[in-house]
Amino acid sequence: LDLPQSLRDRRIHNRFHVNLLRPHFPSDTTNFPNREEPDAYDFGAPDDVEWHVEEIVDHAWVKGTNKYQFLVKWSIGEPTWEPQSECNKLAAMDRYLELMGVSRIVDLKRKTEP
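Because the structure is predicted, anything quoted here is derived from the model rather than measured.

A. Quick look at the packing of aromatic side chains. Tallied over the entire structure, the rule returns three aromatic pairs. Note on Trp61 and Tyr68: the rings are 4.9 Å apart at their centroids and 75° apart in plane angle, and the pair reads as edge-to-face. The exposure class of Tyr68 is buried, given its relative accessible area of 3%. Both rings, one in Tyr68 and one in Phe70, keep their centres 6.1 Å apart while their planes meet at 40°; by these two values the pair is tilted. Across the pair, exposure class does not vary: Tyr68 and Phe70 are buried alike.

This is the structure we're talking about:
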């Protein structure tokens, strides 16, 4: 899909499984007059607010890549699965490893993909 730049900036993937796609039917203003809908990709956060990682809450082993993904809880918005390469140097990673009782990422239990 050709996504708007604002979605690409938020790291939304441009590929989706066909089962996740649905046709879009615009609102019928005759049934709902004066109804305003926010943009589907407006997460409600002002543009000048900086997102930061609150904590890492889960992990999963990604078969074929020999890497982990981590479920990151953000200060704003929904948690997202992020690749290991994006999480390696986070202070939240140190706290997560400590909670898991290991000192290195490679020592985490290999749970399969979410």
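B. Inspection of the environment of Asp58 at higher detail. Relative to the helices and strands, Asp58 is located in strand β1 (residues 53–62). Between the C-alpha atoms of Asp58 and Trp81, which are 23 residues apart in sequence, the distance is 8.9 Å. When residues no more than four places from it in sequence are discounted, the contact partners of Asp58 are Gln69, Phe70, Leu71, Trp81, Tyr96 and Lys111.

C. A look at the sheet that holds β1. Taken together, the three strands give an open sheet; going across it, the order is β1-β2-β3, and neighbouring strands pair in antiparallel fashion. Whereas interior strands pair on both sides, the edge strands pair on one side only; in this sheet they are β1 and β3 (80–83). If you compare each strand with its neighbour and ignore which way they point, the axes differ by 35° on average. Where β1 and strand β2 (residues 67–74) come together, eight bridges link them in antiparallel fashion. Its bridge partner being in β2, His59 is matched across the sheet by Phe70.

Thresholds, definitions, all that
Residues numbered from 1 in each chain as written. Predicted model: local features only at pLDDT ≥ 70, side-chain atom pairs only at ≥ 80, totals over all residues. Heavy atoms only, no water. Phe/Tyr/Trp six-rings, centres within 6.5 Å; stacked < 30°, edge-to-face > 60°. Buried < 20%, exposed > 50% of the residue type's maximum accessible area, 1.4 Å probe, protein only. Helix = DSSP H or I, 4+ residues; strand = E, 2+ residues; numbered from the N terminus. Contact = heavy atoms within 4.5 Å. Pairing = 2+ DSSP bridges. Axes fitted to C-alpha atoms, helices over the stretch in contact; angles between N-to-C directions.

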